[in-house]
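Residue strings, one per chain:
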Amino acid sequence: MYMVMNSPTRLAASYLSRPVVRTAVLSAAAAAVGYGIGSVLTPVSPVVAAVTALIAVRPTFHASVQEAMRQVLGVIIGAVVAFAALKFIGFSVVALFAALLACFVVAGWLKIGEEGAVAVGVTVILVVGPHFNTEAIETRLFGVLAGSLVALVVSFFARPGAPHERALAEIVLQAEASSRLLTTIAGSLAAQDKPVAEPMARQWLDQARTILRTTVEIRLDAQDAVDGSQWSPMIDPAEAVAVLNQVRMTESAAVTVVSLCQDLVALAHLGHPLPASVRSSLSVVLSATANAMAQQSETALHHPAQALDDDTGPVRVVQTTRREAVSEVRNLDDTGSLLLGGAMLRDLERISRTLSGK
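Only a predicted model underlies this, so the values are computations on that prediction, with no experimental measurement involved.

Definitions and cut-offs
- Along each chain, numbering runs from 1 in the same order as the chain's sequence is written.
- Only residues with pLDDT of at least 70 get local features here, since the model is predicted, and only at 80 or more are side-chain atom pairs given and counted; chain-wide, interface and lining totals rely on the full set of residues.
- Excluding hydrogens and water, the side-chain values take into account all heavy atoms of the structure.
- The way it works is that DSSP assigns letters per residue, a run of H or I at least four long becomes a helix, a run of E at least two long becomes a strand, and they are numbered from the N terminus.
- For the exposure calls, accessible area comes from a 1.4 Å probe over protein chains only, and a residue counts as buried if that area is under 20% of its type's maximum, exposed if over 50%, partly exposed in between.
- By definition, residues are in contact when any of their heavy atoms lie within 4.5 Å.
- All accessibility values rest on the Shrake-Rupley procedure with a 1.4 Å probe; residue burial counts only the protein chains present in the view.
- One less than the number of residues in a helix, times 1.5 Å, gives the span that helix is expected to have.
- As used here, the arc belongs to the directions running from the helix axis to the C-beta atoms.
- Inter-axis angles, ranging from 0 to 180 degrees, are taken between N-to-C directions of lines fitted to C-alpha atoms, where helices are fitted over the stretch in contact.
- We call two directions roughly parallel when the angle between them is under 35 degrees, roughly antiparallel when it is over 145, roughly perpendicular when it lies between 65 and 115, and oblique otherwise.
- Here is the rule for handedness: rotate from the far helix to the near one, and if that takes an anticlockwise turn smaller than a right angle the crossing is left-handed, while a clockwise turn gives right-handed.
- In this classification, the charged set is Asp, Glu, Lys and Arg, the nonpolar set is Ala, Val, Leu, Ile, Met, Phe, Trp, Tyr, Cys and Pro, and all remaining amino acids, among them Gly, are polar.
- We define the nonpolar core as a collection of buried residues of types Ala, Val, Leu, Ile, Met, Phe, Trp, Tyr and Cys that are connected through side-chain atoms lying within 4.5 Å of one another.

K.L.:
Mind showing me how you'd approach the overall build of the chain here?
P.N.:
Check the secondary structure of the chain and you find 13 helices and zero strands. Out of the 358 residues belonging to the chain, those deemed buried represent 46%. Residue pairs in contact within the chain that sit at least 24 positions apart in sequence constitute 76% of those at least 6 positions apart. Carbon and sulfur atoms make up 63% of the accessible area of the chain, which totals about 17,900 Å².

What follows is the structure in structure tokens.
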């Protein structure tokens, strides 16, 4: 009964935890708060405040800071151009045209793209029209400022924590997933006395590809954090760069794990069982590599992108076990198994080099 009563609450919490849903709810809340502020404060246009808050809300705080600055700066420049057009041309469609054209010029100067220019243009239309006079423009400009401020506050809660810290936590999870996958493969090779089943190998390949796709998405977030470090006081530029390097390291390892799983699929397709000594040697190297990945990701939580020492520790174990496995693989009589076994060992060497920063 307790679980039944709480299931709607849990369901609502799960939906709110999704970034898209959180952004939608917070954007609607920002627009409502902006309109409420405008309704209470006479100098603030409620419609402009609501629209600006809705436009300026972004999934991250630094992106919202960027958008708020674009809105305010664009409106100020657009209003100046509109005043100039009013003085020399008079209020007309031509004056509005000149003000909107200025938005695209400003967008090119600020390198915010066409979408940024359109967003600023929408705000300029709200500010300079429909009644082009000083009092109306001041009211709407205050609406832009109020809406931008609300958007900044709301965006602070869009996703908890600093963006580079979130990226680091997420990429460590993916590194640990790669480590677990290698451990699973190692255990399977050691336990079987027959060829790896192709469906199982393909399942490993699917898992590796999923990890890689997720890692690529995290890299985009980490790059966005580096770009946003110039806008946000929440992001330390040096830390953001270190996290991005950690993501790239993990992505490089994930690419190699995919390659290794492709080799396993090819090996399973051959249908030739590997000798017990070869399977045992490959299993040991896989386990050592998995351990090295786990060690590096654990270190990364406090020191992102710190490479493992290749003279001692887990990387040294990988190198030692790999040399032993090379000797076993070279004794294979089957050419296909020999080539694929060698390819797997090269993949494992690439991972160890990546983890040691080479």
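K.L.:
Would you mind going over the environment of leucine 205 with me for this structure?
P.N.:
In this fold, leucine 205 is placed in helix 9 (residues 198–228). When the C-alpha atoms of leucine 205 and leucine 264 are compared, they prove to be 8.5 Å apart, with 59 residues separating the residues in sequence.

K.L.:
Any chance you could explain helix 12 (residues 314–330) here in plain terms?
P.N.:
For an α-helix, the turn length of 3.6 residues means that residues three or four places apart are oriented alike. Here helix 12 contains 17 residues, and its C-alpha end-to-end distance of 24 Å stays within 8% of the 24 Å for a straight helix at 1.5 Å per residue. Those residues of helix 12 that sit buried are Pro314, Val315, Val318, Thr321, Arg322, Ala325, Val326 and Val329. Considered in projection along helix 12, the buried side chains sweep an arc of 155 degrees and stay on one side of the axis.

K.L.:
Looking at this model, I keep getting lost on the packing of helix 11 (residues 276–300) against helix 12. Mind explaining?
P.N.:
Any two packed helices are characterised by how steeply their axes cross, that is the angle between the axes, and by the distance between the axes. Closest axis-to-axis distance for the helix 11/helix 12 pair is 9 Å, and the angle between their directions is 160 degrees. By the angle between their directions, the pair helix 11 and helix 12 is classed as roughly antiparallel. The hand of the helix 11/helix 12 crossing is left-handed. Of the residues in helix 12, those in contact with Ser277, Val278, Ser281, Val284, Val285, Ala288, Thr289, Asn291, Ala292 and Gln295 of helix 11 are Pro314, Val317, Val318, Thr321, Arg322, Ala325, Glu328 and Val329. Class assignment of the residues belonging to the contact of helix 11 with helix 12 gives a composition of 10 nonpolar, six polar and two charged.

K.L.:
I would appreciate a short explanation of the nonpolar core in the present structure.
P.N.:
When a protein is soluble and globular, its nonpolar side chains tend to lie buried together. Ile185, Cys261, Leu286 and Leu345 are the most contacted members of the largest nonpolar core, which totals 45 residues. Secondary structure elements with two or more residues in this core: helix 8 (163–191), helix 9, helix 10 (237–270), helix 11, helix 12 and helix 13 (335–355). With 10 residues, helix 10 is the single largest residue contributor to this core. Look past the residues within four positions of leucine 345 in its chain and what remains in contact with it is Leu282, Val285, Arg322, Ala325, Val326 and Val329.

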